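Residue-level structure breakdown
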Amino acid sequence: MELRRGYVVDRWVIVAESRGKRPHQFKSDDDIYANDPGPEKCFFCPGNEGMTPQEIGRVDDGKGGWKLRWFPNKFAAVDKKGNPKIDTHDRFFTFADAYGDHEVIVETPDHSKQMYDLDEAELTDLLKVYRGRIDELGNQPNIKYVSVFKNEGKKAGTSIIHSHSQLISLNTVPPRVRHKIEGAKKFPSCPYCDVVKIEAQGDRKVYEDDTFLTFTPYASRFNFEAWIFPKEHKKTFMDFSDDELAVLASHIKRILVKLKELNANFNMVIYYSPKGEDLHFHIEFLPRIATHAGFELETGVIINAVAPEVAAQFYKGEHKE
Ligand SMILES: [Zn+2]
Ligand SMILES: [Zn+2]
């Protein structure tokens with residue numbers, strides 16, 4: 001067993017492999033469709049557009065329908081009302097109105113598809129929508145960051161089965177983003193650029209091409225955690241051409257195919273530089289297989305039963321059953 005620290009952020013993981021447990025023994029038996037209302041009653045299905053808040057945009061399918069569509073979240077965590085300025089009263093009470101936009105992006109008209117069923121062209125379209133929404137929402141007054149995330153399956157927080165992503169814009173740069181930026185500032189140049197070079201040579205590498213590297217991080221907090229980084233120091237989504245997003249989609253697809261083999265619930269989260277800051281763009285896949293329990297909540301130290309080196313073999317299809 002080994003105690004490992006994150007590359008940049010001060011977080012710690014105990015790699016404690018369950019002896020003899022093979023990757024497919026982590027396969028989940030969750031039935032994600034257990035509470036499926038079916039396409040007729042689904043808010044996100046074609047024909048039911050009137051059941052969602054007013055549409056903000058869509059990608060047409062060229063046949064009168066849509067491939068993707070996005071609209072405000074009916075149960076928004078933030079809204080564009082009140083005072084976005086953060087203030088502190090009586091030393092201890094720091095607050096502002098939770099100011100921002102909360103949007104849903106329906107990723108496919110097909111009720112029976114999950115993100116891992118989308119092909120590379122569909123994933124590329126989704127990435128282009130992320131890029132467009134971050135650009136638009138991020139340029140609004142008082143907005144400091146636009147969080148983009150995907151919850152796949154019940155353990156990852158999905159309540160609606162129809163495949164979708166979400167965006168929440170915020171009047172503050174969230175702490176996890178800040179910690180990465182502050183951690184990176186302690187190095188003379190971008191540490192992630194160096195991490196990418198080093199991990200491309202090692203046994204945590206999953207896949208690389210000229211543009212991106214997929215690898216399992218040294219101090220993985222989640223079973224089968226995987227990160228995708230551009231090899232060049234790109235700061236935001238806006239730095240990528242359409243062709244580069246298509247390559248990124250191919251990396252995402254490789255991860256998704258393997259997560260489907262495990263029937264894994266997962267979160268996909270995206271990190272990039274807020275305005276005026278410098279953070280190397282990256283995407284993290286966080287499979288929700290094990291539960292972080294008392295020890296993790298108490299100490300912040302996480303026990304991971306899957307060594308990242310084994311996870312990399314699994315993603316490469318090299319593990320032995
Ligand atoms: Zn549906
Ligand atoms: Zn970099």
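Not measured: the values here are computed from a predicted model.

1. Side note on the overall build of the protein
Along the protein, the regular secondary structure elements total six helices and 15 strands. The C-alpha radius of gyration computed for the protein amounts to 20 Å, which stays within 12% of the reference 20 Å derived for 321 residues, consistent with globular compactness. Evaluated residue by residue, the protein yields a buried proportion of 51% over its 321 residues. Sequence separation of 24 or more characterises 68% of the internal contacts of the protein that already satisfy a separation of 6 or more. Of the roughly 15,600 Å² of accessible surface on the protein, a fraction of 50% belongs to carbon and sulfur atoms. Separation of charge centres in the protein, based on 45 positive and 50 negative side chains, amounts to 3 Å.

2. Thoughts on the sheet that holds strand β2 (residues 12–15)
The strand order across the open sheet built from three strands is β1-β2-β15, with neighbouring strands paired in mixed fashion. Each end of this open sheet is capped by a strand with a single partner; those strands are β1 (2–5) and β15 (301–304). Going from strand to strand, the sheet's axes swing by 25° on average, the running direction of each strand aside. Where β1 and β2 come together, four bridges link them in antiparallel fashion. Paired with Arg5 across the strands is Trp12, a residue of β2.

3. Focus on the packing of aromatic side chains
Evaluation of the coordinates by the stated rule reveals 18 aromatic pairs. Their ring planes at 10° and their centres at 4.6 Å tell us that Tyr145 and Tyr272 sit as a pair that is stacked. Of the two residues, Tyr145 sits in strand β8 (residues 145–152) while Tyr272 sits in the loop between β13 (266–271) and β14 (282–287), which places them 127 residues apart along the sequence. Taken together, the ring pairs connect Tyr7, Tyr192, Phe215, Trp227 and Phe229 into an aromatic cluster. Positioned above the aromatic ring of Phe314, the side-chain terminus of Lys258 is 4.6 Å from the ring centre.

4. Description of helix α6 (residues 308–316)
Every buried residue of α6 is listed here: Pro308, Glu309, Ala311, Ala312, Phe314 and Tyr315. Buried residues in α6 make contact with β1, β2, β10 (205–208), β12 (226–230), α4 (242–261) and β14. At the C-terminal side of α6, Gly317 shows a positive phi close to 75°.

5. Some points on the coordination of the zinc ion (ligand 1)
Every protein donor of the zinc ion (ligand 1) is accounted for by Cys42 (SG), Cys45 (SG), His111 (ND1) and His162 (ND1), and the metal-donor separations fall at 2.0 to 2.3 Å. A residue is classified by how much of its surface remains accessible, and Cys42, at 3% relative accessible area, is buried. What makes Cys45 buried here is its relative accessible area of 5%.

6. Examining the environment of Glu136
Summarising the element assignment, Glu136 is placed in helix α1 (residues 120–138). Each C-alpha atom of the pair Glu136 and Gly64 lies 25 Å from the other, and the pair is 72 residues apart in sequence.

7. With respect to the coordination of the zinc ion (ligand 2)
Six octahedral donors around a metal ideally subtend angles of 90 or 180 degrees, whereas four tetrahedral donors ideally subtend 109.5 degrees. For the zinc ion (ligand 2), the full set of protein donor atoms is Cys190 (SG), Cys193 (SG), His233 (ND1) and His280 (ND1), at a range of 2.0 to 2.3 Å. Because the angles between the four donor atoms bound to the zinc ion (ligand 2) fall within 105 to 115°, the donor set is best described as tetrahedral. For His233, a relative accessible area of 31% puts it in the partly exposed group. According to the relative accessible area criterion, His280 is buried, its value standing at 1%.

Thresholds applied
Residues numbered from 1 in each chain as written. Chains lettered and ligands numbered in written order. Predicted model: local features only at pLDDT ≥ 70, side-chain atom pairs only at ≥ 80, totals over all residues. Heavy atoms only, no water. Helix = DSSP H or I, 4+ residues; strand = E, 2+ residues; numbered from the N terminus. Rg over C-alpha atoms; globule rule 2.2 N^0.38 Å. Buried < 20%, exposed > 50% of the residue type's maximum accessible area, 1.4 Å probe, protein only. Contact = heavy atoms within 4.5 Å. Areas by Shrake-Rupley, 256 points an atom, 1.4 Å probe, with all protein chains shown as cover. Lys, Arg positive; Asp, Glu negative; His and termini not counted. Charge placed at Lys NZ, Arg CZ, Asp CG, Glu CD. Pairing = 2+ DSSP bridges. Axes fitted to C-alpha atoms, helices over the stretch in contact; angles between N-to-C directions. Phe/Tyr/Trp six-rings, centres within 6.5 Å; stacked < 30°, edge-to-face > 60°. Lys NZ or Arg CZ within 6 Å of the ring centre and 35° of its normal. Donors = N, O, S within 2.8 Å, 3.2 Å for Na, K, Ca; no water. Tetrahedral: all angles 85-135°; square planar, octahedral: opposite > 155°, others 65-115°.

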